[in-house]
Structure formats: C-alpha cells, structure tokens
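# Structural characterization, general
Here is what each chain is made of, one letter per residue.
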Amino acid sequence: MLTGGRCHACGIVGRCKVQGGSWPRGDSPYPTRTLRGVSAAGWVHCYAHLDMDAFYVSVELQRRPELRGTPVVVAGNGPRAVVTTASYEAREFGVFSATPASRARRLCPDAVFVAPDFDHYRDRSREVMAALREQVERVEIVGLDEAYLDLTGFERPKAAGRQIKAAVTARTGLACSIGIGPNKLVAKVASDADKPDGFLALSAGEARARFSRHSPGLLPGIGPKSVERLEARGVDTMAALGATPDERLAGWFGARVGPHLGRLARFEDERPVETERVRKSESRETTFDTDLRGLAALEPVLERLTAQLCEDLERHGRSGRTIGIKIRLDDFSTHTRARSVPAATGALEVVLPVARDLLRTLDPKRPVRLLGVRVAGLDAHRAGRAARSEDGQLALAL
Ligand code: DCP
Ligand code: MG
C-alpha cells in the first residue's frame, strides 16, 4: 500500500516486495486494519515480537521466590564464565548478559549467583511457545525466549497482543514484553523499548520519530564495531544514519551492507514471518576453563562433543553430509575445517573419524580456548519434520 511513495506496511519506498507490488488504497488483498491508538493508516502486515523479561532469572525465581526483588545472576562457575542473565535489580549495578562472572561478583557482591540449568530453560521455553501457538497460527521462534507473531488479518491487533501477553503469563507465570509494528524490525525494537512488562505498538514513522536521536546501536544487526565506524564518520544517531545517502554508506560498508544499514535506521524491513525454521546444521562446542595444548588433550574432548552431537542427531532422525570442526586459539583467532562425506550421516562411527582426522590435520600449535564439532547440510525435509517433537512443539537447540 503506497501513499506518498512509501509503503505504510513496511516503510519501503517504492515497490513493496512482500506483496509483490503495490496497490492503491482500498485495493489491497489484505483487509484494512485499524490499529487503535497507533495509526489510522491501514497496515498491510502487522507483526508482534515477544521477548521474555530476564528469562533465565525469572525461571529461577519461580523455584526460589524468596529471592524476588533482589539482585540475582545466572552464570557459570568457571574462570571464564559470563553472566547469561541478570535480574533487573542486578542490572542497576552494571551487571548484564555477557558480563564476565568475575566482574559481576565485584560489581555486585551481594547478588545471588545461580548456575544455569539449560534443560529446564528449554522446557520452560516450550511452554511459552505452546501458549503462543494456542493464540496465533503463525509463530516464528527465534530464540529460547523470543518469537515473532503474524497478526496480519487480526481485527484488533493491539487487543490481540494484550491477550497474548496475558495468556503467556497466565500459563507460565512469567512476564514478557511485546512490541507491535508493521514489520518485524519495528516490532522487535518496540518490544525492547518498553521492558520489563512492556507493551508498545508503533508505526514505522512513529518508530523513526521516537528513536531518531538514539544511537544506531539500538538496532539488531548494528554492533559496537559498526557503531564505532559510523561515529568516526560523524553518524551517531538513527536519524543521521537514515538520512545518509546509499552511495556514501556503500562506500563505507560495501554495496550490500551499507544501504542495508540505512534501511534499518529508517525502519524499513520486508522480512516475512517464517513459521518453519529449518536448521541446516547442528553443532556442539565448549570453551575450556584453561587453554588445552596438544592433540592428546584435545581428542578426548572432541570425542565427548561428537558423541553428544551424534546422539542428538540420531534421536531426531537427522543426518548431514558435511562434518566440520572449529577451534579458537589463545590469540582469539578462529579456525575451521570441514569435509563432506558421500552419504548423509549422523552416526558416531562415521562422524568421529572424520572430525578426528580434521583435528589431526589442523594440529594447532598454540594453546586452544575453544573446540567445536558440527554436522552441516542437514536434510531439509527431515530437519523440518524433526524440528517438531512428539508433543508437536518445536525442539529448540541452544
Ligand atoms: N542469554 C545468554 N547470553 C547472552 C544473552 C542472553 O545466555 N549473552 C540468554 C539468557 C537470557 C536469554 O538468553 O535470559 C534471553 O536473552 P535476552 O537478551 O532476551 O535477555 P533477558 O531475557 O535475560 O532479559 P530482557 O528482559 O532484557 O529480555
Ligand atoms: Mg528476554
């Protein structure tokens, strides 16, 4: 739906690729929706993004309610452990996801540290996603604690969003934040902007106005390095990035990435919600508490990781043709090697000898921080089916 050259739905100038073209107001094959209190303009699409609040911590607090209202941190124990989640009380001390656990202990000595229990988080995640599927047909799970929902065609999407939020909390006892927008990017940023217990619906124009003075680092996909490069060129706000001509951005970041960054800053996004996420590879990796040196030390770890990987592949009836290993050395350089086998496999007796041979050929001479193994090129059809477990819920991998 184009008005003034810009699609109300995606914020795209010109042809709206999602719908394969543009049409005059009123001729859309999709019913025109009124998003009360948000925008009178009809949106072609309406998406919601749901993100659980302090997910791992919230799950742990249900087991230890006496800790509610206090700084709680879920983090491993080893010398290289990082914080996976910090409660909002702990965040006030400067402790966030990815803060080294040792630093977190210094910043907030009174915090209670809880060891992560990933199996439990996966179970609770399935509950969340099941609650979503009861409410909405088209759900795209993008992580343990986040999902996009396609609300296109809902009579009152904002009311639907509130109902979904209430349903998730009623079923799981966990709080979440929801963002609603005409595309996934607006929905994602909106869900984050009003956390915790947030609910925010924005049009693309409203998002542009609201975040115009924010750093481009607010956007998913623009990391600290890109922010630094932009700032060095005097572009330090979303508005400035959105107004930078494509040619200049292409000169700085390349023909593909540069203009893409500009589109992100203008909240233009045409990705559809993908309900079937077919994983094309499966991997296991581990970071050592202290660096390992030499094949004799590395091979038993490779065997353990490969056994775990193959067990999982076999359980889900999946197989792939490309076997790969990854190592990260003490200088943080990462090295991968891969080899394809004639027939797709998930069997330990096939995968392990190839992985071991790749490691022996690589034979790292420096101390190794991280070792990983993967099977890629997973059969798409079988992977799609296997992604659903017997109870019809998506099986998630960390
Ligand atoms: N996570 C992790 N390591 C990170 C970031 C996140 O292990 N560096 C895990 C722990 C989180 C979960 O993923 O609980 C979800 O990540 P979010 O970024 O959504 O963070 P939270 O849900 O913890 O907090 P928020 O309320 O900000 O969403
Ligand atoms: Mg979250």
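Now for a description of the structure that goes with this document. (Residues numbered from 1 in each chain as written. Chains lettered and ligands numbered in written order. Predicted model: local features only at pLDDT ≥ 70, side-chain atom pairs only at ≥ 80, totals over all residues.)

## Let's talk about the nonpolar core
In terms of nonpolar packing, the biggest core is built from 67 residues, with Ala-48, Val-73, Leu-132, Leu-149, Val-186 and Ala-190 touching the most fellow members. When neighbours within four sequence positions are excluded, Ala-48 is seen to be in contact with Leu-149, Leu-151, Gly-161, Ile-164, Ile-178, Gly-179, Ile-180 and Ala-187. Listed in part, the 20 residues of the second largest apolar core include Leu-309, Ile-323, Val-351 and Ala-355. (Core = buried A, V, L, I, M, F, W, Y, C linked by C-beta atoms within 7 Å. Buried ≥ 20, exposed ≤ 12 C-beta atoms within 10 Å, placed from the backbone. Contact = placed C-beta atoms within 7 Å.)

## Describing the site of ligand 1
The full set close to ligand 1 counts 14 residues, and Phe-55, Tyr-56, Thr-84, Thr-85 and Ser-97 are the nearest of them. If you list the elements that add at least two residues to the shell around ligand 1, you get β3 (47-52), α1 (55-63) and β5 (83-86). When the residues that make up the shell around ligand 1 are grouped by side-chain class, the tally is seven nonpolar, three polar and four charged. (Near = placed C-beta within 6 Å. Helix = DSSP H or I, 4+ residues; strand = E, 2+ residues; numbered from the N terminus. Nonpolar A, V, L, I, M, F, W, Y, C, P; charged D, E, K, R; others polar.)

## Topic: the sheet that holds strand β10 (residues 199-201)
Spatially, five strands are ordered β7-β8-β3-β9-β10 in an open sheet, and the strand pairing comes out mixed. Single-partner strands in this sheet number two, and they are β7 (139-143) and β10. Each strand of the sheet is rotated relative to its neighbour by a mean of 15°, with strand direction disregarded. Pairing analysis gives six bridges linking β3 to strand β9 (residues 176-181), with the strands arranged antiparallel. Within β9, the residue paired with Asp-51 across the bridge is Ser-177. Across the sheet, helix α5 (residues 157-172) is in contact with β3, β8 (146-150), β9 and β10; its angle to β9 comes to roughly 160°. Strands β3, β8, β9 and β10 of the sheet are contacted by helix α6 (residues 184-193), whose axis makes an angle of about 145° with β9. (Pairing = 2+ DSSP bridges. Axes fitted to C-alpha atoms, helices over the stretch in contact; angles between N-to-C directions.)

## Things to note about the packing of helix α12 (residues 295-315) against helix α13 (residues 348-362)
One can describe the packing of α12 onto α13 by two numbers: an axis separation of 10 Å at closest approach and a directional angle of 150°. Accordingly, the angle class assigned to the pair α12 and α13 is roughly antiparallel. Between α12 and α13 lies a crossing whose hand is right-handed. Contact residues: α12 offers Leu-295, Leu-298, Glu-299, Leu-302, Glu-303, Thr-306, Ala-307 and Cys-310, while α13 offers Leu-348, Val-351, Leu-352, Ala-355, Arg-356, Leu-359 and Arg-360. Looking at the contact of α12 with α13 residue by residue, the classes come out as ten nonpolar, one polar and four charged. (Parallel < 35°, antiparallel > 145°, perpendicular 65-115°, else oblique. Left-handed = near helix turned anticlockwise from the far one by under 90°.)

## Some words on the packing of helix α10 (residues 246-253) against helix α11 (residues 257-265)
One can describe the packing of α10 onto α11 by two numbers: an axis separation of 6 Å at closest approach and a directional angle of 125°. When the axis of α10 is compared with that of α11, the two are oblique. Between α10 and α11 lies a crossing of right-handed hand. Within the contact between the two elements, α10 uses Asp-246, Leu-249, Ala-250, Trp-252 and Phe-253 and α11 uses Val-257, Gly-258, Pro-259, Leu-261 and Gly-262. Counted by class, the contact of α10 with α11 contains seven nonpolar, two polar and one charged residues.

## Concerning unusual backbone geometry
Leaving glycine out, the prevailing phi sign among residues is negative, and the prevailing peptide bond configuration is trans. Here the bond from Lys-195 into Pro-196 is cis, since omega is -10°, no more than 30 degrees from zero. Locating Pro-196 in the fold gives a position in the loop between α6 and β10. Even without being glycine, Ala-54 reaches a positive phi, approximately 40°.

## Comments concerning α1
With seven of nine residues buried, α1 is to be regarded as a mostly interior element. What α1 keeps buried is the set Phe-55, Tyr-56, Val-57, Ser-58, Val-59, Glu-60 and Leu-61. Tucked inside the fold, the buried residues of α1 contact β3, β4 (72-75), β5, β6 (112-114) and α4 (118-135).

Everything listed here is a matter of coordinates, which is why it stays silent on function.
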